[in-house]
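Working through the structure, step by step
Chain residues, written in single-letter form:
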Amino acid sequence: FSIYEDHSGRLGVGTGGCGLNLYDARAKTFSSFKNDPNDPSSLSNNSVLSIYEDHSGWLWVGTRGGLNLYDPKAKTFRVFREKNGLPNDVIYGILEDARGRLWLSTNKGISRFTPPLDSPLEGENSGVFRNYDVTDGLQSNEFNQGAYFKGKNEWMYFGGINGFNAFHPDSIKDDPYIPPLVLTGLEIFNKQVDVGKE
């Protein structure tokens with residue numbers, strides 16, 4: 001399903017049901033990782049849809065069962081799921097912006113993930129997820145496997161079932177203004193009524 005070469009030349013191969021494979025040509029080693037239901041530090045799902053190495057050298061793996069962060073020393077994974085803030089556990093695409101935030105396409109929109117400032121492998125801090133859906137202007141909440149790309153000048157492209165979204169990460173800003181709620185009328189069965197009258 002996915003192939004990725006990291007900065008050291010190590011090749012990551014994500015499969016449709018046999019997990020993640022890492023081939024290191026320099027060391028002439030081949031490692032295979034699969035989900036073990038009895039081991040929470042194993043790969044979360046054997047269907048690997050995306051692989052990405054961030055600016056710090058961390059290897060992120062998107063599966064049908066969450067976002068995984070690979071620990072090369074222990075050869076284990078830290079898993080991020082819906083309970084950590086993801087909108088959905090299916091991670092189709094992973095891209096990184098200039099600020100070190102990961103942008104993830106899922107089956108329920110796009111998520112911007114800010115990893116913890118300390119080591120992303122340790123501690124209770126699981127980072128911050130900010131999720132976007134059709135109400136934010138996405139073509140659909142459902143995206144497609146393999147349909148993601150970072151182009152010139154940091155522009156990101158994510159393809160879904162109704163087209164694709166293109167945006168610059170710095171142009172996505174949350175509006176802190178919460179408009180006041182004002183009731184201008186009341187209707188019962190589509191007929192205007194005066195409040196307080198029977």
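The following refers to the structure shown. Just so you know, these numbers come straight off a predicted model, no measurement behind them. (Residues numbered from 1 in each chain as written. Predicted model: local features only at pLDDT ≥ 70, side-chain atom pairs only at ≥ 80, totals over all residues. Heavy atoms only, no water.)

**Things to note about the overall build of the chain**
If you tally the helices and strands in the chain, you get zero helices and 17 strands. In summary, the chain has a C-alpha radius of gyration of 21 Å against a globular reference of 16 Å for 198 residues, an excess of more than 25%. Seen along its three principal axes, the alpha-carbon backbone of the chain occupies a region of about 80 × 40 × 35 Å. Burial status across the chain gives 42% buried among its 198 residues. (Helix = DSSP H or I, 4+ residues; strand = E, 2+ residues; numbered from the N terminus. Rg over C-alpha atoms; globule rule 2.2 N^0.38 Å. Buried < 20%, exposed > 50% of the residue type's maximum accessible area, 1.4 Å probe, protein only.)

**Description of the side chain of D89**
Relative to the assigned elements, D89 resides in the loop between β8 (76–80) and β9 (93–96). For D89, the side chain forms a polar contact with the main-chain nitrogen of E82, separated by 2.8 Å. With residues near it in sequence (within four places) discarded, D89 still touches T63, R64, G65, G66, R81 and E82. (Polar contact = N/O pair within 3.5 Å; in protein donor to acceptor, adjacent residues only side chain to side chain. Contact = heavy atoms within 4.5 Å.)

**A short note on the sheet that holds strand β15 (residues 163–167)**
With antiparallel pairing, the three strands of this open sheet are ordered in space as β13-β14-β15. If you trace the sheet from one side to the other, it starts and ends with β13 (143–150) and β15, each paired once. Across the sheet, the mean angle from the axis of one strand to that of its neighbour is 15°, orientation sign disregarded. With four bridges connecting them, β13 and strand β14 (residues 156–160) associate as antiparallel partners. Bridge pairing in β14 places F143 opposite G160. (Pairing = 2+ DSSP bridges. Axes fitted to C-alpha atoms, helices over the stretch in contact; angles between N-to-C directions.)

**What about the pattern of salt bridges?**
Counted by the stated rule, this structure contains six salt bridges. A salt bridge links R101 to D97, with the nearest nitrogen and oxygen atoms 2.7 Å apart. For the pair shown, R101 and D97 are each scored as buried. When the shortest N-O distance is used, the salt bridge between R101 and D170 registers 3.8 Å. With R101 in the loop between β9 and β10 (102–106) and D170 in the loop between β15 and β16 (187–188), this residue pair connects regions lying 69 residues apart in the sequence. Using a relative accessible area of 33% as the deciding quantity, one classes D170 as partly exposed. (Salt bridge = Lys/Arg side-chain N within 4 Å of Asp/Glu carboxyl O.)

**Examining the environment of W103**
Along the chain, W103 falls in strand β10. Judged by its relative accessible area of 1%, W103 is buried. Remark: the alpha-carbon pair of W103 and Y157, spanning 54 residues in sequence, is separated by 10 Å. Within polar-contact distance, the side chain of W103 engages the side chain of D97 at 2.9 Å.

**Considering the packing of aromatic side chains**
Following the criterion strictly, the structure yields 15 aromatic pairs and no others. One aromatic cluster is present, formed by W103, Y132, F143, F158 and F167 through successive ring pairs. (Phe/Tyr/Trp six-rings, centres within 6.5 Å; stacked < 30°, edge-to-face > 60°.)

**A few points about the side chain of T63**
Structurally, T63 can be placed in strand β6 (residues 59–63). Residue classification places T63 among the buried positions, given a relative accessible area of 0%. A distance of 3.1 Å separates polar atoms of two side chains, one belonging to T63 and the other to S44. Those residues in contact with T63 that sit more than four places away from it in its chain are L43, S44, N45, S47, V48, L49, N68, D89, V90 and I91.

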